[in-house]
Amino acid sequence: MAQGHKEKSGGPGAFSRWMQHRANARMIRKVRKGRGSVMGMDVLVLHTVGKRSGEPRETPVAWFADGDDARLIVASGGGDRHPDWFANLMAHADRASMELPGEEAVPVAPQRLEGADREAAWQRIAEAQPRIAKYQSKSDREYPVVRLTSR
């Protein structure tokens, strides 16, 4: 292992993180040019603040409509732990915003869904995108579902 690089148990290695950062940057550019779709899923750019660093973060995330003004996002991926963007979002919910394709970022209020609300949202997501349900079935953790509403 290279000096100065710590590997986290259960998390991706340095090369995987580098590749993910490159792929994320490419997707963010596409969203900003008004093209926000990948593998049949709509994508937005989620703006968060680092839980520990306090630095701004941008992450492309698949979203699903939830009524006229809300979007649902799923904290899938991340191996055996929730992805960093989810921890950042929950730690600094008051500083979150979302950027839809070709639009400016707007502040959002994130709400982690629980119980029957999560289950109903999850069913709609799984029907719209069976791939996500397949990933969930292979994971030991329950993927959080978050509703983003404009504030």
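### Description of the environment of E142
Working step 1: One can find E142 in the loop between α4 (130–137) and β7 (145–150).
Working step 2: C-alpha of E142 to C-alpha of D80: the two residues are 62 residues apart in sequence and 10.0 Å apart in space.
Working step 3: Not counting the four nearest positions on each side in its chain, E142 is found in contact with H82, R118 and Q136.

### Here's the deal with the nonpolar core
Working step 1: Counting residues in hydrophobic clusters, the biggest one holds 15 residues, and the most contacted among them are L44, L46, I73, W85, L89 and L148.
Working step 2: Counting residues per element, the ones that place at least two in this core are β2 (41–49), β3 (56–66), α2 (84–91) and β7.
Working step 3: Residue contributions to this core peak at 3 residues, all from α2.
Working step 4: A121, W122, I132 and Y143 belong to the second largest nonpolar core, which has 12 residues in total.

### Details of a nonpolar patch on the surface
Working step 1: On the surface, a nonpolar cluster with roughly 360 Å² of combined accessible area is contributed by F15, W18 and M19.
Working step 2: Its location among the elements puts F15 in helix α1 (residues 14–32).

Here is what the cut-offs are and how they apply
- Residues numbered from 1 in each chain as written.
- Predicted model: local features only at pLDDT ≥ 70, side-chain atom pairs only at ≥ 80, totals over all residues.
- Heavy atoms only, no water.
- Helix = DSSP H or I, 4+ residues; strand = E, 2+ residues; numbered from the N terminus.
- Contact = heavy atoms within 4.5 Å.
- Core = buried A, V, L, I, M, F, W, Y, C linked by side-chain atoms within 4.5 Å.
- Buried < 20%, exposed > 50% of the residue type's maximum accessible area, 1.4 Å probe, protein only.
- Patch = residues over 30% accessible without salt bridge, like charges linked within 9 Å, V, L, I, M, F, W, Y side chains within 5 Å.
- Areas by Shrake-Rupley, 256 points an atom, 1.4 Å probe, with all protein chains shown as cover.
- Salt bridge = Lys/Arg side-chain N within 4 Å of Asp/Glu carboxyl O.

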